[in-house]
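A look at the structure
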Amino acid sequence: MSRINKQLNPENDNLFHLGFNTKIHNLEEMFGDVRVVCMGGSAHRMEIFAHYIMKILGHKLPTGLKLEDMTCKAHRYSFYKIGPVISVNHGMGMPSMSILLHEMIKLVTYAKCKDPIFIRMGTSGGLGIKPGTVVVTDNAFNESLENHYDFVVLGERVPRPAVFDKNLINYILDCHSTKDHFEVIKGGTMGTNDFYEAQGRTDGAVCEYTEEQKIMFLKKVQGKGIKNIEMESTLFAALTKYAGIRAATICVTFIDRLEGDKVSVTHDEKIELESRPQLIVGRLIKKILKIE
Ligand code: R2B
Ligand code: URA
């Protein structure tokens, strides 16, 4: 069910952090064909992904034009349109993602996109799974291991369920090939508001618990069916579901958190690991667009 804000005026709205103004930009003309919005934390990664999608879709730009960041004048996010696909970065953490999500949901609403799908591709720390495994989230959990995200509305905590679309999850799992040299699994994801203490690391600038207490906490997290930990899935699941947008999170794991805290992958390993969710989402996009 969609609960898009009825007080919005599509004729007069400013998507401030994207730099689009409905009085100036005809969003339906610019974005009406969009079917899939892909998001990820880093601007660089989403630029690489945009070029990858251009390649696999055989998308051609008019002679003399390059793929450009359409929101560069707003100086916040990096945003590319490749035919029916948008590739945009959301930054690190839920406050940054929340601003982007509100404005992207308004954008696809004003543009009258037909049943657009939002995908977050990210990185994470795994729990008892081989590093390099890709996790497709079914349920997202907050730092207190609750299956909802607490929005704060007019000073009150408003919990909204943090679950993803089951059909879309299965559709994504079907994009995994037995020939892939990595696993793709379904599982719970904990989304935290911090990389260090909230994820039970002992190597932050401050820490007042022991290694044993940390492992006890991580095992409790694992006991909830949680396979990985990152910093956006809870808000992403809850806000998209509430707004009636089909969405999915698909994250590669860099390390097994039961084995350690430090992410020590090399630059080249990082690029290869980050390409794994991109490969799966590339296949998903081709399936959605019925291209093969
Ligand atoms: C995964 O990686 C980032 C922190 O290193 C954060 O955005 C996340 O969710
Ligand atoms: N991103 C996170 O949020 N946590 C990790 O452990 C790795 C990547």
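Scroll up a little and you will see the structure.
**Some thoughts on the pairing of strand β7 (residues 134-141)**
Each regular strand shows side chains that alternate between the opposite faces of the sheet. The buried fraction of β7 is high, at six of eight residues. Bridge count for β7 against strand β10 (residues 184-191) is six bridges, and the pairing is parallel. By the bridge assignment, Thr137 is partnered in β10 with Gly187. In terms of strand pairing, β7 meets strand β12 (residues 246-256) through three bridges, oriented antiparallel. Bridge pairing in β12 places Val135 opposite Cys251.

**Some words on the site of ligand 1**
The environment of ligand 1 is made up of Met92, Arg120, Thr123, Phe195, Glu230, Met231 and Glu232. Within the side chain of Arg120, one N or O atom sits 3.3 Å away from an oxygen atom of ligand 1. One of the backbone nitrogen or oxygen atoms of Met231 is found 2.8 Å away from an oxygen atom of ligand 1. Summarising the interface, the protein chains cover 80% of the accessible area of ligand 1, which totals 270 Å² for the free molecule.

**A closer look at the site of ligand 2**
In the vicinity of ligand 2, the residues found are Thr123, Ser124, Gly125, Phe195, Gln199, Arg201, Ile229, Glu230 and Met231. In this structure, an oxygen atom belonging to ligand 2 sits 3.4 Å away from a main-chain N or O atom of Gly125. Arg201 is positioned with one of its side-chain polar atoms (N or O) 2.6 Å from an oxygen atom of ligand 2. Contact with the protein chains covers 92% of the free accessible surface of ligand 2, which is 230 Å². Mapped by element, the contributors of at least two residues to the shell around ligand 2 are β6 (117-126) and β11 (226-230). Considering each element in turn, the shell around ligand 2 owes the most residues, three residues, to β6.

**Some points on the packing of aromatic side chains**
Scanning all chains against the criterion turns up seven aromatic pairs. Considering the side-chain rings of Phe20 and Phe31, the 5.4 Å spacing of their centres and the 65° angle between planes classify their relative orientation as edge-to-face. Of this pair, Phe20 sits in strand β2 (residues 20-21) while Phe31 is found in helix α1 (residues 27-31), placing the two residues 11 residues apart along the sequence. A single burial state applies to Phe20 and to Phe31, both of which are buried. With a centroid separation of 5.6 Å and 70° between ring planes, the pair formed by Phe31 and Phe79 is classed as edge-to-face. With Phe31 in helix α1 and Phe79 in strand β4 (residues 79-82), this residue pair connects regions lying 48 residues apart in the sequence. Across the pair, exposure class does not vary: Phe31 and Phe79 are buried alike. By the ring-pair criterion, three or more aromatic residues cluster together here, those being Phe20, Phe31 and Phe79. We note Lys287 situated over the ring of Tyr171; from NZ or CZ to the ring centre the distance is 4.2 Å.

**As for the nonpolar core**
Nonpolar side chains in soluble globular proteins tend to end up buried together. Met39, Met104, Leu107, Phe118 and Ile119 are the most contacted members of the largest nonpolar core, which totals 70 residues. It is helix α3 (residues 94-110) that provides the largest number of residues to this core, a total of nine residues. Sequence-distant contacts of Phe118, defined by excluding residues within four places in its chain, comprise Val37, Met39, Leu101, Met104, Ile105, Val108, Phe236, Thr240, Ile245, Arg246, Ala247 and Ala248. In this structure, Met190, Leu218, Val221 and Ile226 belong to the second largest nonpolar core, which totals eight residues.

**Topic: the packing of α3 against helix α6 (residues 233-243)**
Here α3 crosses α6 at 20°, and the two axes come no closer than 10 Å. The angle between α3 and α6 falls in the class roughly parallel. When the axes of α3 and α6 are compared, the crossing they make is right-handed. Residues Met94, Met97, Ser98, Leu101, His102 and Ile105 of α3 touch α6, and the partners they reach there are Thr234, Leu235, Phe236, Leu239, Thr240 and Ala243. Across the contact of α3 with α6, the residue classes break down as eight nonpolar, four polar and no charged.

Rules behind the numbers
- Residues numbered from 1 in each chain as written.
- Chains lettered and ligands numbered in written order.
- Predicted model: local features only at pLDDT ≥ 70, side-chain atom pairs only at ≥ 80, totals over all residues.
- Heavy atoms only, no water.
- Buried < 20%, exposed > 50% of the residue type's maximum accessible area, 1.4 Å probe, protein only.
- Helix = DSSP H or I, 4+ residues; strand = E, 2+ residues; numbered from the N terminus.
- Pairing = 2+ DSSP bridges.
- Near = heavy atom within 4 Å.
- Polar contact = N/O pair within 3.5 Å; in protein donor to acceptor, adjacent residues only side chain to side chain.
- Areas by Shrake-Rupley, 256 points an atom, 1.4 Å probe, with all protein chains shown as cover.
- Phe/Tyr/Trp six-rings, centres within 6.5 Å; stacked < 30°, edge-to-face > 60°.
- Lys NZ or Arg CZ within 6 Å of the ring centre and 35° of its normal.
- Core = buried A, V, L, I, M, F, W, Y, C linked by side-chain atoms within 4.5 Å.
- Contact = heavy atoms within 4.5 Å.
- Axes fitted to C-alpha atoms, helices over the stretch in contact; angles between N-to-C directions.
- Parallel < 35°, antiparallel > 145°, perpendicular 65-115°, else oblique.
- Left-handed = near helix turned anticlockwise from the far one by under 90°.
- Nonpolar A, V, L, I, M, F, W, Y, C, P; charged D, E, K, R; others polar.

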